[in-house]
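What follows is each chain in one-letter form.
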Amino acid sequence: MDHPDLNLLLALDILLEEGSVVGAARRMNLSPPAMSRTLGRIRETLGDPVFVQAGRKLVPTPRALALREQVRAAVEQATQVLAPTADVDLKTLERRFNVRANDVFVGIHSGRLLEAVAADMPRAMLRFSPEEDDVDDEALRSGRIDLFISASRKLGPEIRVQPLFTTTFVGVARAGHPIFEDDITAERLTRWGHIGVSRRGKSAGPIDTGLEAQGLHRHVALVVSTPFTALFALQDSDLLLPLPEHLARSALAAGLRIRLFDLPVPLETVLFTQAWHPRFQSDPAHQWLRRTIRALCDEGEAPYSRPSKSKA
């Protein structure tokens, strides 16, 4: 199926308004012969003369007169579609954002993010959904989620990605745990059971690779789906919990009876990013959300004082 040349629509609108080829040519920055050729194409497309000679003037045919209002409305609508986005009043905007975010971000920044939403976009709603087994970039493409916040991973080539912050893993144990009675070595780390955090039930991770390189193996005695469950589970036990430092320090500041220590195993720094589909690149509300999240993460990047490897 051949697609119509929409430039002819604009030319027809101007011709109907000017009532002459010369006037329309001037409006469209064309020469009169070029405008005459455009009129010929319009006539061929519509199967109607459109304009006929009446003395020295051109007058529209009944078909052209019948199309006048329809053509004008179509041009106005197309102009609005192609016009720059108007300013959006965030205060009155009703919007729901589906954000797939891991527990590190939610645990650290969700409270302040909600405060910012209440102040700047009070009629919006944030819906945090956990990481799932489906393909993350497909969830972004399909529109099931509007924003994806997680440890950096490979996504589709069209997905927009922005770094947010980096973190490292530290060890967490209850206050008074016997591990703090001496230097914390890799060998001593394996003397007590560990808690693993995985929504998919995985018990192994980078820490196991580091221990195996030293000929050691840890026993993961408990696997839970969220770090918050893990933090409460170790309160009255001798279990150990590897946790991202940002989240561990937030738990410490909240008053949990825990202590932090450096893990005696080399682990890579983890980069957290936010990702979105290009359809939201210029959306004002989505831009506000991304900008606010980035600002919150920048504020939270103040350097931490490092925990001691040995007893305090």
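The structure reproduced in this document is the subject of the present report. Just so it is clear, the structure is predicted and the values come from calculations on it, not from any experiment. Within every chain, residues take consecutive numbers counted from 1 along the sequence as written. Per-residue local features of the predicted model are confined to residues with pLDDT of at least 70, and side-chain atom pairs are confined, for both listing and counting, to 80 or more; whole-chain, interface and lining totals are unaffected and use all residues. The side-chain figures draw on all heavy atoms in the structure; neither hydrogens nor water molecules are used.

## Comments concerning the packing of aromatic side chains
Piece 1. For Phe, Tyr and Trp, where Trp contributes only its six-membered ring, two rings pair if their centres lie within 6.5 Å, and the inter-plane angle classes them as stacked under 30 degrees, edge-to-face over 60, or tilted in between. Applying the stated rule across the entire model yields three aromatic pairs.
Piece 2. Measuring from centroid to centroid gives 6.4 Å for phenylalanine 105 and phenylalanine 128, while their planes differ by 55°, and the two rings are tilted. Taken as a pair, phenylalanine 105 in helix H5 (residues 103–120) and phenylalanine 128 in strand E4 (residues 124–129) lie far apart in primary sequence, 23 residues in all.
Piece 3. Judged by its relative accessible area of 0%, phenylalanine 105 is buried.
Piece 4. Taking 5.9 Å as the distance between ring centres and 80° as the angle between the ring planes, the aromatic pair formed by phenylalanine 180 and phenylalanine 261 counts as edge-to-face. Note that phenylalanine 180 is positioned in the loop between strand E7 (169–174) and helix H7 (186–189) and phenylalanine 261 in strand E11 (residues 258–261), a separation of 81 residues in sequence. Taken individually, phenylalanine 180 and phenylalanine 261 each receive the classification buried, so the pair is uniform in this respect.
Piece 5. Its end group placed over the ring of tryptophan 276, arginine 290 keeps NZ or CZ at 4.2 Å from the ring centre. A run of H or I in DSSP becomes a helix once it reaches four residues, and a run of E becomes a strand once it reaches two; helices and strands are each numbered from the N terminus. A 1.4 Å probe rolled over the protein chains alone gives each residue an accessible area, and that area as a share of the maximum for its type sets the label: buried under 20%, exposed over 50%, partly exposed in between. Should the NZ of a Lys or the CZ of an Arg lie within 6 Å of a ring centre and within 35 degrees of the ring normal, that charge is described as sitting over the ring.

## Thoughts on the sheet that holds E7
Piece 1. Read across the sheet, three strands follow the order E10-E7-E11 without closing on themselves; strand pairing throughout is antiparallel. Strand pairing shows two members of the sheet lacking a second neighbour, strand E10 (241–244) and E11, which therefore form its edges. Adjacent strand axes in the sheet meet at a mean angle of 40° when their direction is disregarded.
Piece 2. Two elements, E7 and E11, share four bridges in a ladder whose sense is antiparallel. Among the inter-strand pairings, alanine 173 is bridged to a residue of E11, identified as arginine 259. Pairing between strands is defined by DSSP: at least two bridges between the two strands are required. Fitted lines through C-alpha atoms serve as axes, helices being fitted only where they are in contact, and the angles separating the N-to-C directions of these axes extend from 0 to 180 degrees.

## Regarding helix H1 (residues 7–18)
Piece 1. The span expected for a helix works out to 1.5 Å for each residue beyond the first. With 12 residues, H1 extends 17 Å between its outermost C-alpha atoms, agreeing within 8% with the 16 Å of an ideal straight helix rising 1.5 Å per residue.
Piece 2. Positive phi appears at glycine 19, one or two residues downstream of H1, with a value of about 75°.

## Things to note about the sheet that holds strand E5 (residues 147–151)
Piece 1. Spatial strand order, E4-E3-E5-E12-E6: five strands in an open sheet with mixed pairing. In this open sheet, the two edge strands, each paired with only one partner strand, are E4 and strand E6 (160–167). Averaged over all adjacent pairs, the angle separating strand axes in this sheet is 20°, with direction ignored.
Piece 2. Strands strand E3 (95–101), E4, E5, E6 and strand E12 (270–276) of the sheet are contacted by H5, whose axis makes an angle of about 175° with E4.
Piece 3. Two residues qualify as a contact provided that any one of their heavy atoms is within 4.5 Å of a heavy atom in the partner residue. The sheet contacts of helix H11 (residues 284–299) involve E3, E4, E5, E6 and E12, and relative to E6 the element is tilted by about 20°.

## Here we look at the pairing of strand E1 (residues 51–54)
Piece 1. Relative to strand E2 (residues 57–60), E1 runs antiparallel, the two sharing four bridges. Note on E2: the bridge partner recorded for glutamine 53 is leucine 58.
Piece 2. Joining the antiparallel neighbours E1 and E2 is a turn of two residues, in which glycine 55 adopts a positive phi near 70°.

## Details of the layout of surface pockets
Piece 1. Lining residues are defined by having an atom within 4 Å of a point belonging to a cavity or pocket. Those points lie on a 1 Å grid over the protein atoms alone, cavities being sets where a 1.4 Å probe fits but cannot get out and pockets being open sets with protein on both sides within 12 Å along at least five of seven lines. Grid points are joined across faces, edges and corners, and a volume is the space filled by probe spheres set on the points. Reported here for the largest pocket is a volume of approximately 1100 Å³.
Piece 2. As for the largest pocket, its lining consists of 34 residues, and the residues nearest its centre are Phe169, Val197, Ser198, Pro206 and Pro244.
Piece 3. Those elements that place two or more of their residues in the lining of the largest pocket are H5, E5, strand E8 (194–197), helix H8 (206–212), E10 and E12.
Piece 4. Note on residue classes: Ala, Val, Leu, Ile, Met, Phe, Trp, Tyr, Cys and Pro are nonpolar, Asp, Glu, Lys and Arg are charged, and everything else, Gly too, is polar. Of the residues in the lining of the largest pocket, the class split is 16 nonpolar, 10 polar and eight charged.

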